[in-house]
There are 4 protein chains.
Amino acid sequence: MSTARFRGIVPPIVTPLTADGQVDVPSLERLTHHLVTHGVHGIFVLGSTGEVAYLTDEQRRLAVTTVVAAVGGRVPVMAGVIELTTARVVEQVRMVVEAGVDAVVATAPVYAINDAAEIEDHFRSIAAASDVPVFAYDIPVRVKVKLGHDLLVRLGTEGVLAGVKDSSGDDVGFRRLVAANAAAGSPLALFTGHEVVVDGMLLLGADGVVPGLGNVDAAGYARLWDLAQAGDWAGARREQDRLAALFEIVFQAAGRSGDAAGVGSFKAAVALQGLIDAPTMAFPVRALDGDVADRIEQIVREAGLLAAAPTA
Amino acid sequence: MSTARFRGIVPPIVTPLTADGQVDVPSLERLTHHLVTHGVHGIFVLGSTGEVAYLTDEQRRLAVTTVVAAVGGRVPVMAGVIELTTARVVEQVRMVVEAGVDAVVATAPVYAINDAAEIEDHFRSIAAASDVPVFAYDIPVRVKVKLGHDLLVRLGTEGVLAGVKDSSGDDVGFRRLVAANAAAGSPLALFTGHEVVVDGMLLLGADGVVPGLGNVDAAGYARLWDLAQAGDWAGARREQDRLAALFEIVFQAAGRSGDAAGVGSFKAAVALQGLIDAPTMAFPVRALDGDVADRIEQIVREAGLLAAAPTA
Amino acid sequence: MSTARFRGIVPPIVTPLTADGQVDVPSLERLTHHLVTHGVHGIFVLGSTGEVAYLTDEQRRLAVTTVVAAVGGRVPVMAGVIELTTARVVEQVRMVVEAGVDAVVATAPVYAINDAAEIEDHFRSIAAASDVPVFAYDIPVRVKVKLGHDLLVRLGTEGVLAGVKDSSGDDVGFRRLVAANAAAGSPLALFTGHEVVVDGMLLLGADGVVPGLGNVDAAGYARLWDLAQAGDWAGARREQDRLAALFEIVFQAAGRSGDAAGVGSFKAAVALQGLIDAPTMAFPVRALDGDVADRIEQIVREAGLLAAAPTA
Amino acid sequence: MSTARFRGIVPPIVTPLTADGQVDVPSLERLTHHLVTHGVHGIFVLGSTGEVAYLTDEQRRLAVTTVVAAVGGRVPVMAGVIELTTARVVEQVRMVVEAGVDAVVATAPVYAINDAAEIEDHFRSIAAASDVPVFAYDIPVRVKVKLGHDLLVRLGTEGVLAGVKDSSGDDVGFRRLVAANAAAGSPLALFTGHEVVVDGMLLLGADGVVPGLGNVDAAGYARLWDLAQAGDWAGARREQDRLAALFEIVFQAAGRSGDAAGVGSFKAAVALQGLIDAPTMAFPVRALDGDVADRIEQIVREAGLLAAAPTA
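Definitions and cut-offs
Residues numbered from 1 in each chain as written. Chains lettered and ligands numbered in written order. Predicted model: local features only at pLDDT ≥ 70, side-chain atom pairs only at ≥ 80, totals over all residues. Heavy atoms only, no water. Helix = DSSP H or I, 4+ residues; strand = E, 2+ residues; numbered from the N terminus. Rg over C-alpha atoms; globule rule 2.2 N^0.38 Å. Buried < 20%, exposed > 50% of the residue type's maximum accessible area, 1.4 Å probe, protein only. Contact = heavy atoms within 4.5 Å. Areas by Shrake-Rupley, 256 points an atom, 1.4 Å probe, with all protein chains shown as cover. Lys, Arg positive; Asp, Glu negative; His and termini not counted. Charge placed at Lys NZ, Arg CZ, Asp CG, Glu CD. UniProt positions renumbered as here; feature names shortened; annotations may be inferred. Least-squares fit on C-alpha atoms with pLDDT ≥ 70 in both. Phe/Tyr/Trp six-rings, centres within 6.5 Å; stacked < 30°, edge-to-face > 60°. Right-handed = clockwise from strand over helix to strand, strands pointing away. Pairing = 2+ DSSP bridges. Buried area = accessible area lost by both parts, 1.4 Å probe. Salt bridge = Lys/Arg side-chain N within 4 Å of Asp/Glu carboxyl O. Polar contact = N/O pair within 3.5 Å; in protein donor to acceptor, adjacent residues only side chain to side chain. Nonpolar A, V, L, I, M, F, W, Y, C, P; charged D, E, K, R; others polar.

Peer 1: Can you walk me through the overall build of chain A in this structure?
Peer 2: For chain A, the helix and strand inventory stands at twelve helices and eight strands. Its C-alpha radius of gyration of 18 Å places chain A within 12% of the 20 Å reference for a compact globule of 312 residues. Dimensions of chain A along its principal axes, counting C-alpha atoms only, are 55 × 45 × 40 Å. With 312 residues in all, chain A has 64% of them scored as buried. Pairs at least 24 apart in sequence give 72% of the contacts found in chain A among residues at least 6 apart. In the structure as shown, chain A presents an accessible area of about 10,000 Å², 53% of it carried by carbon and sulfur atoms. The distance from the centre of the 25 positive side-chain charges to the centre of the 37 negative ones in chain A is 1 Å.

Peer 1: Whenever I open this one, helix α6 (residues 149-157) of chain A confuses me. Can you help?
Peer 2: For the α-helix, the turn length of 3.6 residues means that residues three or four positions removed from each other point alike. Residues and elements named next belong to chain A. Three or more residues of α6 are buried, namely L151, L152, V153, L155 and G156. Tucked into the core, α6 has its buried residues touching α4 (116-128), β5 (134-138), β6 (163-166) and α7 (171-183). Immediately beyond the C-terminal end of α6, within one or two residues, lies G159, with a positive phi of roughly 85°.

Peer 1: Help me understand the UniProt feature "binding site: pyruvate" (unreviewed entry) in chain A, please; the structure alone is not making it clear to me.
Peer 2: Residue and element names in this part refer to chain A. Within the UniProt annotation, "binding site: pyruvate" (unreviewed entry) is assigned to T49 and V210. A maximum C-alpha distance of 10.1 Å places the annotated residues, which cover 162 residues in sequence, within one compact spot. With respect to the helices, strands and loops of the structure, T49 is situated in the loop between β2 (43-45) and α2 (57-71). In contact with T49, not counting residues within four places along its chain, are P12, I13, V14, G212, N215, V263 and F266. The residues touching V210, leaving out its near neighbours within four places in the chain, are V10, P11, P12, F44, K165, F191, T192 and G193.

Peer 1: Please clarify how the relation of the copies chain A and chain C should be interpreted in this entry.
Peer 2: Copies of the same chain, two in number, are related to each other by a rotation about an axis and a translation along it. Structural alignment of chain A on chain C gives an RMSD of 0.0 Å, achieved by rotating through 180° and translating 0.0 Å along the axis. Expressed as an axis order, the relation between the two copies is that of a two-fold axis. Here 100% of the contact residues of chain A are again contact residues in chain C; the copies associate through an equivalent surface.

Peer 1: Would you mind going over the packing of aromatic side chains with me for this structure?
Peer 2: For any pair of aromatic rings, the description consists of the separation of the ring centres together with the inter-plane angle of the planes. Residue and element names in this part refer to chain A. Under the counting rule described, the total for this entry stands at 16 aromatic pairs over all chains. Between the aromatic rings of F135 and F191, the centroid separation amounts to 5.7 Å while the plane-to-plane angle is 85°, which identifies the pairing as edge-to-face. Within this pair, whereas F135 is found in strand β5, its partner F191 is found in strand β7 (residues 189-192), the two being separated by 56 residues in sequence. Where F247 meets F251, the ring centres are 5.7 Å apart and the plane angle is 80°; that geometry is what we call edge-to-face.

Peer 1: I'm lost on the pairing of β7 of chain A in this one. Help?
Peer 2: If a strand is regular, its side chains alternate between the two faces of the sheet. All names here are of chain A. Taking every second residue as pointing to the same face, both faces of β7 are buried, with A189 and F191 on one and L190 and T192 on the other. Once you follow β6 into α7 and on to β7, the crossover reads as right-handed. Direction of pairing for β7 relative to strand β8 (residues 208-209): parallel, over a ladder of two bridges. Note that in β8 the partner of T192 across the bridge is V209. Once the chain exits β7 it traverses helix α8 (residues 198-203) before rejoining the sheet at β8, and the crossover so formed is right-handed.

Peer 1: Help me understand the interface of chain A and chain C, please; the structure alone is not making it clear to me.
Peer 2: Many descriptions give the size of an interface as the accessible area lost when the pieces come together. The partner chain C presents 44 residues to the 44 residues of chain A that form the contact. Between chain A and chain C lies a buried interface of about 3,700 Å² when both sides are counted; carbon and sulfur atoms form 56% of it. The tally of links between chain A and chain C comes to ten salt bridges. R256 of chain C serves as the salt-bridge partner of D115 of chain A, at 3.8 Å between the closest nitrogen and oxygen. At the junction of chain A with chain C, the criterion picks out 28 residue pairs in polar contact (both at pLDDT 80 or more). Secondary-structure elements contributing two or more residues to the side of chain A that touches chain C are α2, α3 (86-98), α4, α5 (140-143) and α11 (258-272) of chain A. Here the side of chain A that touches chain C is built from residues that sort into 19 nonpolar, twelve polar and 13 charged.

Here it is in structure tokens:
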């Protein structure tokens, strides 16, 4: 499979859970099907938005096999292999590759305190563990390390990395990465993880987007992508403005944890649309309370994603 | 003067220095004239790039009076009023207003440890100290505080703030600020301070740009602005790509301080073009060494800003 | 087993590895026996110093069963249960309890972004998973969260937590924890993880110490403990000064990663004494080079831990 | 004046203010006299606790001349010279030296982004500006830079620095600084700024203490010092425990800024004792509200610093 397959809108799919914290397979199938039929170009399972950190190995296996089956080859499936360090990541790689994913997405080591040379060896070892393409996941807010563009492009040129998912929030760094990658012949597919600056990031050269908010409005991101591809940047900005207003759902749970407010609001908005049965979060993250849920519902409704009449 | 005057390209002008560390007035006049005649829409004097933190009050006064006189009313002049806390900032406001500037740019308190309510009072007090518009300068890397968009838009709506210079590197925050400002009737003029994502930031709604690199290539930023205003976003991106390659000058002095590598490279590139006499930095920042200077010269030359034949 | 058993010197034992990265069981047995016979009051296996983050589940199981067997009940064995989030930590708890440990040591969730209420539920769930005492491991440099003393003392009072291992480097916070714990009737056993301020921390009320350097000089820490218990604080300081000089081994590998420089130097010093076969680090951490190893050897020799004649 | 004069308890004196924000000279004289007659070994004026960042140059001059006159040579007076960068710090040095202080205390540059070599030149230039001893003030929470012990000891050996005020909260770093200083022949007087670990820091070798809480209970810190000097470490710890309980005043204003909660509580407690007229804070820091003030009063009363009968 060529790296060129990896572009466009690739939402990090949420992992719907039952009331007792198990993977809700029918909901996951339903949401996967919805996303694929509404224009996304790939699915990213077991990402941070997928609550990968909270899932046991068995739950992870169930989530990834469910998504692969539900996608049925219509678009590529990328899987997060999020673990503390190399040997444990490699075990995850084997599991998700056996499940049939088309690419894996790995961070630098977590908890461990490593330098650039060690991180480089880490990615080399992950790449050597399977035949599927490896994306580096740059997310300093969770991993505490910012991946340098020189390291990334070098590993791209050598065939170790196929791409980068950038969730660093460092737009200057991303522009430099885009430029360095272009100068090297574009070995890497470069994805941004920031939902509200997609127009600008596509303009400056991103190859794709991994928007958590894409769970909530896949069609909106597909339109934004198409407008950008057509060079209609004013139109892209209008669609982005609409999506940015929708993104305000993640700021409603003031004072709650990042995972509760962020992933929690995505799950709430997806559940409101009936795409999953319930917005249950993984333990120990508690549900959003009624007042927050009401404000999220209002925002989702104003975005045109719910029927006009109040459902509550 | 209406806030609407404050838009477009407003470079934070460097402060040329003599060998003994005094303000080099003829060089500052020459550079000011060059910038104005090459299409900038305003000048920002006494910013971080202007080494304001290193200058005594007398040196600051000389710099601002020199720039105001050299501009001669052709474009607005904004002045940084960078001090530890409110009472000291207000003294700076009085000085630069007396010198004839059109707006002041103030950060949250420095060194002090204040909360949002105290920062709000700080800006109110600064606004009350003169009749000129006040811009908030959001630069967490130096001030350690990120200004919230709710605070900024509220102060804009009340007429306390006329605009924001965003050097926070938080693109999601900037997009949210743009959206909140638009929803409030656009009381604020919103400027980005990031040189290499100007195309994207203009697309998503920035009103202006304060590019340190604008000292080095004012005409390039003026072209980028005009292309964006004309809706030629592909053209804007091409110009931005060229400027992003030029921006690599700030990364040449690896291992040196942020001020040496950043402001130092701007001064070096401006001096190479003969726009100022020497790239001298304010004490205790040491000059860039010959090897770094050579690489900067090569980058500036490749950007087409020097004659073809080597000058060294 | 009463909490009162958990006090004194409890080194976080390194995990010796073979050349191909497997647990070196004979070396681990030898080192365990050495520590116990040189006066330590407990062993902490699978801590950060034990490279727990780098080990697979099978390797962890082998390490903990080896240590439990080698200790043979002479002192308590505490085991780290270091995983991303609650469900995965609970799996580790079951494994180490089955292996026979006397207490478990857990951090707040890693990679996940949780608030105080979620972290509290996390610890409650861990405590409910077994009958052994639970220690909270406060190590912001790896986990990014500082545990509040109010949370810790409340969980101590309720019987959820039996103690705290403080590796936060926040001496003011530790003093406040000591005071709050005393005011609550001392439900918690409070351990400091900082090797070079043990005299001061014991003076101000620490119940125990988890010194990585205790792998290298167990007898020294045992003496320091005994002097402090006897109220000979001047003597304690002299012993601490000697150990602080020995601790300089961790600063020899300048420019290397934290794990390479820290754990790497402990392993090097332990191997020099013949207590383990080799200083091999877990992948991807590379060995310390010869020059660094030489300086470490010199420091260890000056501390009187090697024979007078050079062994190299 | 020999560096040996600088040791013991040296409180960073608060700057009492009138209702309109001017220096309250009679209160400052009264507090100074109280501190000197209750056993302190020096006074530190214009420190962070003295709200130096908030004062204009004229206010600073008035504060320092008032303190120098009130002390009348009974103990040394140290003065903070807190400004953005070197040239501005040197202006402060000239002012306070003219006012008659015995030493100056300077941080690394603020707002500016400098490297170690530049910071070293900064301190050299400050030292060259006068004949009085220079102390380096290590306070990363305000300055963002941690001063390395190698830099500090080297500058001590060369006679540039006479001492260090450590407010870094890094106890391991302080122990290493103590050890490196001792190895170099103790050129530096080493002061800790942390009020609640004074027993431990004196045990491990601190030469003095700069306790903000010393404004509130100078006699307590003097007793703690005397007990430590006499080698009565158990007694020192008991006194420290009492002072640590008193220090809880700084944690009463939850949700307020660091300066409001910290300096505000010191001023409130000092005013309660009648040592200054009012707890007014410098603009824009607002007064602590009644509920917080009540809790502070209760804590101060429990520490035995107020008459038994309620004064309110």
